[in-house]
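Chain by chain, the residues run as shown.
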Number of protein chains: 2
Amino acid sequence: MPDNLLPVISIRSLHEVNCSECALHPVCLPPAVDETDLDQLESIIERRRTLPRGTPLFRQGDAFQSLYAVRSGAIKTCLTPPDGAEHITGFYLPGEIVGLDSLGRTHHGSSAMALESSTVCAIPFAQLETLALKLPGLQHHLFKLLSAEIHSDQQLLLLLGKRSAEARITAFLLAVATRHKRRQLSENHFHLPMSRTDIGNHLGLAIETVSRVLTRLQQTGVLEVDGKDIRILDRERLCQLAEPAAENTDGAGINVRKLS
Amino acid sequence: MPDNLLPVISIRSLHEVNCSECALHPVCLPPAVDETDLDQLESIIERRRTLPRGTPLFRQGDAFQSLYAVRSGAIKTCLTPPDGAEHITGFYLPGEIVGLDSLGRTHHGSSAMALESSTVCAIPFAQLETLALKLPGLQHHLFKLLSAEIHSDQQLLLLLGKRSAEARITAFLLAVATRHKRRQLSENHFHLPMSRTDIGNHLGLAIETVSRVLTRLQQTGVLEVDGKDIRILDRERLCQLAEPAAENTDGAGINVRKLS
DNA sequence: CGCCAAGTTGAACACCATCAATATTTGTGG
DNA sequence: CCACAAATATTGATGGTGTTCAACTTGGCG
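Below is a summary of the structure that appears in this document.

This paragraph deals with the packing of aromatic side chains. Within the structure shown, the criterion is met by nine aromatic pairs over all chains. An angle of 25 degrees between the planes, with centres 5.9 Å apart, marks the rings of F58 of chain A and Y68 of chain A as stacked. Note that F58 of chain A is positioned in strand β2 (residues 56-58) and Y68 of chain A in strand β3 (residues 66-72), a separation of 10 residues in sequence. Judged on exposure class, the residue F58 of chain A and its partner Y68 of chain A are both buried. Ring pairs connect the aromatic residues F64, F125 and F143 of chain A together with F64, F125 and F143 of chain B, which therefore count as one cluster.

All right, on to the protein's contact with DNA strand D then. Taken together, 16 residues lie near DNA strand D, and S211, R212 and T215 of chain A together with A165 and T209 of chain B sit nearest. Listed by contribution, the elements that provide at least two residues to the surface near DNA strand D are α6 (196-203) and α7 (207-219) of chain A together with α7 (207-219) of chain B. With four residues, the single largest contributor to the surface near DNA strand D is α7 of chain A. Among the residues making up the surface near DNA strand D, the classes are represented as three nonpolar, seven polar and six charged.

A few words on the sheet that holds strand β7 (residues 111-114) of chain B. Residue and element names in this part refer to chain B. Pairing in this open sheet of four strands is antiparallel, and the strands run β2-β7-β4-β5 from one edge to the other. Two strands lie at the open edges of the sheet, namely β2 (56-58) and β5 (87-92), each paired on one side alone. When the angles between neighbouring strand axes are averaged without regard to direction, this sheet yields 30 degrees. Looking at chain direction, strand β4 (residues 75-79) and β5 are connected through five bridges and run antiparallel. If you follow K76 over to β5, its bridge partner there is F91.

Before going further, it helps to examine the sheet that holds strand β4 (residues 75-79) of chain A. All names here are of chain A. The strand order β2-β7-β4-β5 describes an open sheet built from four strands, whose pairing is antiparallel. In this open sheet, the two strands that pair with only one neighbour each are β2 and β5 (87-92). Taken pair by pair, the neighbouring strands of this sheet meet at an average axis angle of 30 degrees, ignoring direction.

Of the residues making up helix α3 (residues 125-134) of chain A, those classed as buried are F125, L128, E129, L131 and A132 of chain A. Projection of α3 of chain A onto a plane perpendicular to its axis shows the buried side chains occupying an angular sector of 165 degrees, all on one side. Looking at α3 of chain A, the residues exposed on the side facing more than 90 degrees away from the buried face are A126 and K134 of chain A. Residues of α3 of chain A that are buried in the fold lie against α2 (38-44), β3, β8 (118-124) and α4 (136-162) of chain A together with α3 (125-134) and α4 (136-162) of chain B.

Calculation notes
Residues numbered from 1 in each chain as written. Chains lettered and ligands numbered in written order. Predicted model: local features only at pLDDT ≥ 70, side-chain atom pairs only at ≥ 80, totals over all residues. Heavy atoms only, no water. Phe/Tyr/Trp six-rings, centres within 6.5 Å; stacked < 30°, edge-to-face > 60°. Helix = DSSP H or I, 4+ residues; strand = E, 2+ residues; numbered from the N terminus. Buried < 20%, exposed > 50% of the residue type's maximum accessible area, 1.4 Å probe, protein only. Near = heavy atom within 4 Å. Nonpolar A, V, L, I, M, F, W, Y, C, P; charged D, E, K, R; others polar. Pairing = 2+ DSSP bridges. Axes fitted to C-alpha atoms, helices over the stretch in contact; angles between N-to-C directions. Arc of directions from axis to C-beta. Contact = heavy atoms within 4.5 Å.

This is the structure:
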């Protein structure tokens, strides 16, 4: 059998791509481990799973088994308090890891659902944890992923606690743009996988407000908005809107001793 | 030298208490490791440090060296975006670990400051990380601590995104009460270590709103408020206020297929 | 005793939520 | 491919919750 029999490779690439062949290689888990140890990581990662739009990946209260790396599509995670009003805690794009908030727990503390037709790789946590004991780089990377998750939550806290509707939405768009750039895609023209309702829920705004702000940004020539298609026309202005100048240095500080 | 020379022991207990003797033993790190390995953990923990009120423990941008276990007092952590308006991301009470959000990073992503005269134990992270490779229980516990941190941030997100001023404050008070109970202290009568300004900043409310809500809760007989001293008089009512019934099951769900 | 920081209380306004109507897109079946 | 229904998004009018501005009170500390 000639070793240039390409079809075999492309079928593999559709169904069982291993990490070293995956296009998301540079933004996913692999950079965390040595080339030489990559096969150990690959050996525990389960063949990817396909999720039609709207399919739950896991639900709050489910036993925690795996982390999931998003390969294509997009996932949202929701927190459902007893009273039923859900809150979307995050959106996950290709190359990002879903489920970190449940790591180390027995059960999932949130639910995850595909926003559009998506594929994910499952990473069984029990095996990952064991492997992390052997591979210091992997353990370290897991810590980094977790602290990154905390940071993104804290950025959102800041947004919800202190910013106007306009600032929340512009900051959100810029964050999505940055994550697109990370995958070598355009940072000025992208498709939002989530609905206006989802954006509003995530940012603590009414859907009407989201709609109005987007319209206004379009009218002022900052954006071009076509449904879920967004094009950034005036990035500088967008950044200004996302981080309103702070005349008020009220400060959460007890002592506002400027650091010398 | 007689081994019942108590003064020596009590001096130790003031300045260098080791974990096994520490009153916070059950709520801090030690439960994570086997009795037999506790000395390994203790050997890397630095002698406790005293912080007068208002002293920074670390500042955003400082090199990340250590985690800190709060022994006494209280610590707040702040995020300072470029524009200067700080946001308090969390409060840390005795037995809790500060600095987890920077774990795995080279620099601190937030600042920490003592709210009142406090003492902390420093846990050098480089050594902790190495130790975690040898002690599976410790690694697992670190993961748990990180996911708990994420959870508390997400609870706050929910609060800031969806709840009224009254619900934010009542939920906040209940959370503080729960953390007191964890330390075997009264869950119905406690002292808030932070100012109204800090509470407002943390919950995304104006200080005046905090004041008004507390006054109202006092007038309706739910609380007794005396400055920073809080006494819960009607816990049931307080819980009701913290989780307003949800008529609107609007749902962040694409498919609201009830789980069968 | 007097100063300054922190907290309380009141009045007016602003931002955003809500309600309501319309428009647009998506999905489905003829 | 078109027509229809359902879901989603847009736009307008109105009102409420919480912010802002301001005056005043209280408490800690020299």
